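Below, each chain spelled out in residue letters.
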Amino acid sequence: MNPVQHPFTARKNRSRALEKLTFWLFRLATYLVLACGFFVFGNIFIKGAGTVFKKSFPFVNTVFLTEAPESLYVFTYQGTKMELGDRDYRAFRAAEEARAKAAGQPVPQFNAESYVYSAGGIFPCIVGTVLLVVGSMAIALVLGVCAAIYLNEYARDGRFIRFVRLSILNLAGVPSIVFGLFGFGLFVLFAPRLGVAPDPEKWHFRLWPLHQYVNFVGWGVSLISGWFTLAFMVLPVIITASEEALKSVPRGFREGSLALGATKWQTIRKNVLPYALPGILTSSILGIARVAGETAPIMFTAAFVVRDKLPWEGLDHWTDFFFQGVMALPYHIYVVSSKIPQNEYTARVQYGTAFVFLFLVAVIALASILLRNRLRKRYQW
Amino acid sequence: MVTAPTSAAPMENTAAPSTLTIKVPGAPAADPGVASTLIEISDLDFYYGAKQALFDVNLRLDEKRVTAFIGPSGCGKSTLLRCLNRMNDLIDGTAIRRGAIKVRGIDIYGADVDPIELRKRVGMVFQKSNPFPKSIYENITYGLRIQGVRSKTRLDEVVERSLRGAALWDEVKDRLHESGLGLSGGQQQRLCIARTIAVEPEIILMDEPCSALDPIATAKVEELIHALKKQFTIIIVTHSMQQAARCSDKTAFFYMGKLIEYADTSTIFMNPANPQTEAYVSGRFG
Ligand SMILES: Nc1ncnc2c1ncn2[C@@H]1O[C@H](COP(=O)(O)OP(=O)(O)OP(=O)(O)O)[C@@H](O)[C@H]1O
Ligand SMILES: [Mg+2]
């Protein structure tokens, strides 16, 4: 025992014990979150890597990454268990039957079990998701930045503007399925199209006197419907973040520019927006993950369960590109998960798709981060 | 009263031309003896929303002279200064409820006046130097580019002339394409002055241009003000009595939004008529 007592001698009491306890509680909570994250990512990574990579050259499962999904046929033939994709299975069967016929043998029985989408790859889904992300982010950024400029630079604070801000905040809390149904109602069924004849069997909204040119026939389940639906979903995030970024540009830049005889718009374009852009991009990166990952907004507006043609194949007219549905990674995971029976074959596809999805989001986010950093370097302040 | 020297045309509002500068050939250049009135502020009441910031200000500012605004903090010096190039328009709820400001006889709050055009003629240097995060060259040419000037030779020429005018040329001529933010505080402020004179205004408003500078940088800016008044009409807000005494020809003392006294600088500092002015310049309050 140390006999020397001074005013700062450590004492054991309740508040010290409590201090230690709370510290450990907070620490444990953090570790728990971390552990969950590790478990989820680790699980997808380990199991997904089995689908995406191969042990032999070229080490990547090119079929999975570059082909469309097919049904998988599993059967036992002459004592060996075989797993073949749809096309291979048909070819194999035809060849065997022809061989048996030529040899005068009885027609062979296959008794194959089939599993939908468990063979082939997910290339159309990758393409679809990339298209959906790029298009919807472009729309959301343009609309969001314009709205933020209006709110932050032009609008005078008043009851109306406060109402607008409140609405934007509320919009951020709307569940994504509601956005999906909204998009279905507005874009898929209602939106106007140029030069498309209305269906005489159905009632269409008519905008007199433009009804000869514009018909409210809807955009159908299409890329463009998905773009707008997803864009509306992330708009609140983008608007709020863009406003923050605009606010952080010093007043001096604006005043200095205006005092030199620049108009407000010239000031914003040359001396405010460039400096706000890195901040706007930073926050948009979060939007990318959301847009790429949501299933509910696209399941009624843009996603097809299966589509054989790639988006650029077989277009009659270039505008048809926008009015076609696409496959998408999150929707594919959902579709495969809802097939019965579930087994090792479907699980393989799901893990592989999830892995590719995470990888893709990471790549898109990384690209935006690099772009952001370049802009930041260019417009340093 | 000496008004703007344009022939017989009456310079009151009536035939107000849309641009403010009318370079009259043969107009008397800054004759050291007589100064003509350039800016005329009459009966000005200014409000921030419901709060009145300026009360019945009457002031005539001379052309090609330096006028200093002094007074304790919050007395409305900046407010008046920002009225002169309509920077207050940018603040919601501001209004001139009474009175007028005329530059060369033209009411600058008149319906036919474009504040953008006005600000090209009435430049401003701010308290906190605000170079744009662009190169020195781009800082200087910003105003001209906005006006649509594209000619490289013209821009080069203006950059050199403005930087020389702001006594900065020798210090930065080898780094014109480096960021303006890399300069020292005093250099930054002179860069802002150079940027202002690049668009060739008639009037330069300076709101405490030296308050963030050390004594040596301050001396340089003061020297510069001396040189600039040959070409420009300068109005400077300052908290430093010495600075007002050193650079200005006339001084206006404000207190609580009112103009208390306006006279030659020497009179204000040596022989003020008003006891409040006397108390302020001798450092007894403020
Ligand atoms: N944007 C504003 N909104 C409302 N009131 C303001 C605003 N700017 C200034 N004021 C008020 O107007 C009065 C004059 O302010 P001003 O900035 O002109 O003072 P100043 O003389 O420049 O002071 P300082 O020497 O501290 O810069 C002050 O009472 C101030 O509170
Ligand atoms: Mg001030």
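Only a predicted model underlies this, so the values are computations on that prediction, with no experimental measurement involved.

### Brief notes about the overall build of chain A
Piece 1. Looking only at helices and strands, chain A has 12 helices and 5 strands in total.
Piece 2. A compact globule built from 381 residues should have a C-alpha radius of gyration of about 21 Å, whereas chain A, at 29 Å, is more than 25% larger.
Piece 3. With respect to the three principal axes, the spread of C-alpha positions in chain A is 100 × 95 × 40 Å.
Piece 4. When the 381 residues of chain A are sorted by exposure, 41% land in the buried category.
Piece 5. Of the contacts formed within chain A by residues at least 6 apart in sequence, a portion of 74% connects residues at least 24 apart.
Piece 6. Of the roughly 22,400 Å² of accessible surface on chain A, a fraction of 67% belongs to carbon and sulfur atoms.

### A look at the site of ligand 1
Residue and element names in this part refer to chain B.
Piece 1. The immediate surroundings of ligand 1 are formed by 13 residues, with Ser 73, Lys 77, Ser 78, Thr 79 and His 239 found nearest.
Piece 2. Lys 51 places a side-chain nitrogen or oxygen 2.9 Å from an oxygen atom of ligand 1.
Piece 3. Between ligand 1 and Gly 74 there is a distance of 2.8 Å, counted from an oxygen atom to a backbone nitrogen or oxygen.
Piece 4. Relative to its free-state accessible area of 630 Å², ligand 1 is covered by the protein chains to the extent of 64%.
Piece 5. Only strand 2 (51-62) and helix 1 (77-84) provide two or more residues apiece to the shell around ligand 1.
Piece 6. Per-element accounting of the shell around ligand 1 gives the leading share, 3 residues, to helix 1.
Piece 7. The residue inventory of the shell around ligand 1, partitioned by class, reads 4 nonpolar, 6 polar and 3 charged.

### Focus: the interface of chain A and chain B
Piece 1. On the side of chain B, 26 residues touch chain A, which itself brings 21 residues to the contact.
Piece 2. Across the contact surface, chain A and chain B share 2 salt bridges.
Piece 3. Where B:Arg82 meets A:Glu255, a salt bridge forms, and the shortest distance between an N and an O atom there is 3.3 Å.
Piece 4. With 8 residues, helix 8 (residues 251-259) of chain A is the largest single contributor of residues to the side of chain A that touches chain B.
Piece 5. Looking at side-chain class alone, the side of chain A that touches chain B contains 7 nonpolar, 9 polar and 5 charged residues.

### Examining the side chain of A:Ser136
Piece 1. Among the structural elements, A:Ser136 can be located in helix 4 (residues 123-154).
Piece 2. Once you skip the residues sitting within four places of it in the chain, A:Ser136 turns out to touch A:Trp227, A:Leu230, A:Ala231 and A:Val291.

### A look at the packing of aromatic side chains
Residues and elements named next belong to chain A.
Piece 1. Counted by the stated rule, this structure contains 29 aromatic pairs over all chains.
Piece 2. An angle of 5° between the planes, with centres 5.1 Å apart, marks the rings of Tyr 77 and Phe 110 as stacked. Within this pair, whereas Tyr 77 is found in strand 1 (residues 69-77), its partner Phe 110 is found in the loop between helix 3 (86-102) and strand 3 (113-120), the two being separated by 33 residues in sequence. In this structure, Tyr 77 and Phe 110 share a single accessibility class: buried.
Piece 3. Centre to centre, the rings of Phe 92 and Phe 110 are 6.3 Å apart; their planes meet at 80°, and the pair counts as edge-to-face. One end of the pair, Phe 92, is in helix 3; the other, Phe 110, is in the loop between helix 3 and strand 3, with 18 residues separating them in the sequence.
Piece 4. Taking relative accessible area as the criterion, Phe 110 reaches 4% and is therefore assigned buried.
Piece 5. The rings of Tyr 73, Phe 75, Tyr 77, Tyr 89, Phe 92 and Phe 110 are connected pair by pair, giving a single aromatic cluster.

### Comments concerning unusual backbone geometry
Piece 1. Of note in the backbone geometry, A:Phe59 takes a positive phi value of approximately 70° without being a glycine.
Piece 2. In this fold, A:Phe59 is placed in the loop between helix 1 (14-52) and helix 2 (62-66).
Piece 3. With a relative accessible area of 45%, A:Phe59 lands in the partly exposed category.
Piece 4. Despite not being glycine, B:Arg104 shows a phi value in the positive range, around 50°.

### Let's talk about the domain arrangement of chain A
All names here are of chain A.
Piece 1. Domain parsing of chain A yields domain 1 (68-120) and domain 2 (124-378).
Piece 2. In this structure, domain 1 and domain 2 have C-alpha centres spaced 44 Å apart.
Piece 3. The interface of domain 1 with domain 2 comprises 10 residues on the first partner and 14 residues on the second.
Piece 4. Summing both partners gives a buried area of about 990 Å² for domain 1 against domain 2, and 67% of it is carried by carbon and sulfur.
Piece 5. Applying the counting rule to domain 1 against domain 2 returns 0 salt bridges.
Piece 6. Looking at the side of domain 1 that touches domain 2, the elements that each hand over two or more residues are strand 1, strand 2 (80-85) and strand 3.
Piece 7. Per element, the largest residue contribution to the side of domain 1 that touches domain 2 is 4 residues, and it comes from strand 3.
Piece 8. For the side of domain 1 that touches domain 2, the class distribution of residues is 7 nonpolar, 1 polar and 2 charged.

### Observations regarding the sheet that holds strand 1 of chain A
All names here are of chain A.
Piece 1. With respect to topology, 3 strands assemble into an open sheet ordered 2-1-3, the strand pairing being antiparallel. One side of each edge strand has no neighbouring strand; the edge strands of this open sheet are strand 2 and strand 3. Strand-to-strand twist in this sheet, taken as the mean axis angle between neighbours without regard to direction, amounts to 30°.
Piece 2. The sheet contact formed by strand 1 and strand 2 spans 6 bridges and is antiparallel. From the neighbouring strand, Thr 76 faces strand 2, where its bridge partner is Lys 81.
Piece 3. Across the sheet, helix 3 lies against strand 1 and strand 2, angled at about 40° from strand 1, the strand it touches most.
Piece 4. With respect to the sheet, helix 12 (residues 344-378) is in contact with strand 1, strand 2 and strand 3, its orientation differing from that of strand 3 by roughly 20°.

Cut-off values and rules
Residues numbered from 1 in each chain as written. Chains lettered and ligands numbered in written order. Predicted model: local features only at pLDDT ≥ 70, side-chain atom pairs only at ≥ 80, totals over all residues. Heavy atoms only, no water. Helix = DSSP H or I, 4+ residues; strand = E, 2+ residues; numbered from the N terminus. Rg over C-alpha atoms; globule rule 2.2 N^0.38 Å. Buried < 20%, exposed > 50% of the residue type's maximum accessible area, 1.4 Å probe, protein only. Contact = heavy atoms within 4.5 Å. Areas by Shrake-Rupley, 256 points an atom, 1.4 Å probe, with all protein chains shown as cover. Near = heavy atom within 4 Å. Polar contact = N/O pair within 3.5 Å; in protein donor to acceptor, adjacent residues only side chain to side chain. Nonpolar A, V, L, I, M, F, W, Y, C, P; charged D, E, K, R; others polar. Salt bridge = Lys/Arg side-chain N within 4 Å of Asp/Glu carboxyl O. Phe/Tyr/Trp six-rings, centres within 6.5 Å; stacked < 30°, edge-to-face > 60°. Domains from an automatic or database assignment. Buried area = accessible area lost by both parts, 1.4 Å probe. Pairing = 2+ DSSP bridges. Axes fitted to C-alpha atoms, helices over the stretch in contact; angles between N-to-C directions.

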